[in-house]
Amino acid sequence: MSLGKRVTIQDIADKMKLSKSTVSKAISGATDISDETRESIMRCAAEMGYYISPERMLRKKNVAVLVYGIHYGTSSQFGYEIIAGVQAAAVENNIGLNIISVTEDQVNTGNYDHLVIGNGYEGIFFLGFRPHIDFIERNKGHNLPMVVLDNYIENPLVARVGCDNADGISQAVKYLYRKGHRQIGFIGGEADSIVTVERKNAFLSNMEELGLTVADGTVKCGHFSGRGIKKLTLDIAKTGVTAIVCISDVIASAAVKELVKAGYHVPQDISVTGYDNLPAAEYCSPALTTINQNRIHIGKAAFYTMMQIKNGIQISSVQLHTNLVERDSVADIN
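All figures in this text were calculated on a predicted structure; none of them were measured in a lab. In this numbering scheme, every chain counts its residues from 1 along its sequence in written order. Residue-level local features of this predicted model are given only where pLDDT is at least 70; pairs of side-chain atoms are given and counted only at 80 or more, and the full residue set underlies all totals for whole chains, interfaces and linings. As a rule here, side-chain values come from all non-hydrogen atoms in the structure, and water together with hydrogens is ignored.

Considering the packing of helix α1 (residues 9-16) against helix α3 (residues 35-48)
Item 1. Where α1 meets α3, the axes come as close as 10 Å, and the angle between the chain directions of the two elements is 115 degrees. For the element pair α1 / α3, the angle class is roughly perpendicular. Read as a crossing pair, α1 and α3 show a hand that is right-handed. Residues D11, I12, K15 and M16 of α1 lie in contact with α3, whose contacting residues are S40, I41, C44, A45 and M48. Here an angle of 0 to 180 degrees is reported between the N-to-C directions of two axes, which are lines fitted to C-alpha atoms, with helices fitted over the stretch in contact. Numbering of helices and strands runs from the N terminus; a helix is a DSSP stretch of H or I covering at least four residues, while a strand is a stretch of E covering at least two. Note that the term roughly parallel is reserved for angles under 35 degrees, roughly antiparallel for angles over 145, roughly perpendicular for angles of 65 to 115, and oblique for everything else. In this scheme the handedness of a crossing depends on how the near helix is turned from the far one: anticlockwise by less than a right angle means left-handed, clockwise means right-handed. The contact criterion used throughout is that any non-hydrogen atoms of two residues lie within 4.5 Å.

Here is the structure:
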């Protein structure tokens, strides 16, 4: 695809060697194609950067996605496939989707009632933040299902959806162990993030289970954006670790860049693993070994969890499996 060219249904059809009508049916939610074909088309569309405008998704019944702090505008960004998954499940059920960005002040105060209450939504998916307790209390009489990505709220109308963080980190640490690594570091996102806490705890427990020592200065927390990654990475590298487990592909890619700039060879001197399996992981140099989260499935799970709650089924948490994707950023030092 040429730079800046808008991706069309015909482009997707050409790439997948399918008819234009089949691709159109998948995106519009027609029921006369298989779920497997629909999902493969939606994934290809997401990877190519095909954009389904919210206007096309508005129907008689709708769900809302409230977004803060997660980018979703292009296929390279974390939220893109999640929203594509919500869209795919919604159109299959003749339900529309409205994507609403909220401000930092609204996140902190919970004052986003006017964006969603009284607008006939079937449910709300909170992407990038958790619903404010005051918002939940004010609107519990509406019996409006709420789903939040990777966060916990103790309320029968709110469910958590995401992948198994502990299992993902366990796969990464055990993979490094099989490759001969015994001195392993860890870089997380914000220290108070539930994702950071869960993945950090999983890292520490797996190191203990394998009989490995976590040396002083080898576990750091920073920012999911990758801000300040240079100091964190080089401080850990100076401790003599042979590998670093990173909490995200964004952090891992930035860590690799800083290591190379500082004269280290990746993976010969230090191996690095990521988490998420973003498109950028494949094009990092070297290509990142990472933990794959099926973000389309996360989006679909969010939608169907909302529908189950709406039908009276109280769900606390839905966890999806992860899998390790082996590329070139880990050396075998056995």
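Observations regarding the sheet that holds strand β8 (residues 243-246)
Item 1. Here we have 4 strands laid out as an open sheet, ordered β7-β6-β8-β9, and parallel in their pairing. Strands with a single pairing partner mark the edges of an open sheet, and in this sheet they are β7 (219-221) and β9 (271-273). Going across the sheet, the axis of each strand differs from the next one's by a mean of 15 degrees, ignoring polarity.
Item 2. Of the strands in this sheet, β6 (184-188), β8 and β9 are in contact with helix α9 (residues 165-178), which crosses β8 at around 170 degrees. Between any two strands, at least two bridges found by DSSP are needed for them to pair.

Some points on the side chain of N165
Item 1. If you trace the backbone, N165 turns up in helix α9.
Item 2. Each residue is assigned to one of three classes by its accessible area relative to the maximum for its type, calculated with a 1.4 Å probe on protein chains only: buried under 20%, partly exposed between the two thresholds, exposed over 50%. Since its relative accessible area comes to 1%, N165 is described here as buried.
Item 3. Setting aside chain neighbours within four positions, we find N165 in contact with D150, R160, V195, E198, R199 and Y275.

Re the nonpolar core
Item 1. Nonpolar cores are built from buried Ala, Val, Leu, Ile, Met, Phe, Trp, Tyr and Cys residues. Side-chain atoms within 4.5 Å join them into one set. In this structure, V63, F125, L127 and L149 are the most contacted members of the largest nonpolar core, which totals 27 residues.
Item 2. Mapped onto this core, the elements with two or more residues apiece are β1 (62-67), α5 (78-92), β2 (96-101), β3 (121-127), β4 (146-149), β5 (158-163) and α14 (295-310).
Item 3. When residues no more than four places from it in sequence are discounted, the contact partners of V63 are V86, I95, G96, L97, N98, Y121, E122, G123, F303, M306 and M307.
Item 4. A237, V266, V272 and L288 belong to the second-largest nonpolar core, a separate cluster that totals 23 residues.

Some thoughts on α3
Item 1. Its 14 residues give α3 an end-to-end C-alpha distance of 20 Å, which sits within 8% of 20 Å, the value for a rise of 1.5 Å per residue.
Item 2. Of the residues making up α3, those classed as buried are R38, I41, M42, C44, A45, A46 and M48.
Item 3. Just downstream of α3 lies G49, where phi reads positive at about 90 degrees. What a helix is expected to span follows from its residue count: subtract one and scale by 1.5 Å.

Let's talk about the sheet that holds strand β11 (residues 317-320)
Item 1. Read from one edge to the other, the open sheet built from 6 strands follows the order β2-β1-β3-β4-β5-β11, with strand pairing classed as parallel. The open sheet is flanked by β2 and β11, the only strands paired with a single partner. Averaged over neighbouring strand pairs, the angle between their axes works out to 20 degrees when direction is ignored.
Item 2. Summarising the sheet, β1 and β3 pair through 5 bridges and their orientation is parallel. From the neighbouring strand, N62 faces β3, where its bridge partner is Y121.

Notes on helix α12 (residues 249-261)
Item 1. In a regular helix each residue adds 1.5 Å, so 13 residues correspond to 18 Å; α12 covers 18 Å between its end C-alpha atoms and thus fits that length.
Item 2. On its buried face, α12 is in contact with β6, α11 (229-237), β8, β9, α13 (279-283) and β10 (290-292).
Item 3. Whenever two N or O atoms come within 3.5 Å, that pair is a polar contact, provided that in protein one can donate a hydrogen and the other can accept it, and provided that, for residues adjacent in sequence, both atoms are side-chain atoms. The opening residue of α12 is S248, an N-cap whose side-chain oxygen sits 3.4 Å from the backbone nitrogen of V250.
Item 4. A positive backbone phi angle near 100 degrees is found at G263, which sits one or two residues after α12.

Details of the side chain of T289
Item 1. Within the secondary structure layout, T289 lies in the loop between α13 and β10.
Item 2. A relative accessible area of 1% means that T289 is categorised as buried.
Item 3. From its side chain, T289 meets the backbone nitrogen of R327 in a polar contact 2.9 Å long.

Considerations on the environment of G185
Item 1. The residue G185 is located in strand β6 in this model.
Item 2. Along the chain, G185 and A215 lie 30 residues apart, while their C-alpha atoms are 8.3 Å from each other.
Item 3. Not counting the four nearest positions on each side in its chain, G185 is found in contact with F203, T218, I236, V241, A243, I244 and V245.

As for the layout of surface pockets
Item 1. For the largest pocket, the calculated volume is near 1200 Å³.
Item 2. In terms of lining, the largest pocket is formed by 35 residues, of which the most central are G69, I70, G128, E190 and F224.
Item 3. Breaking the lining of the largest pocket down by element, the ones donating at least two residues are α10 (194-209) and α12.
Item 4. A pocket, in this scheme, is an open set of points on a 1 Å grid over the protein atoms alone with protein on both sides within 12 Å along at least 5 of 7 lines, while a cavity is a set where a 1.4 Å probe fits but cannot get out; residues line either one if an atom lies within 4 Å of a point. Grid points are joined across faces, edges and corners, and a volume is the space filled by probe spheres set on the points. A volume near 310 Å³ is recorded for the second largest pocket.
Item 5. Contributions of two or more residues to the lining of the second largest pocket are made by α3 and α13.
Item 6. Among the elements that make up the lining of the second largest pocket, the one with the highest residue count is α13 (3 residues).

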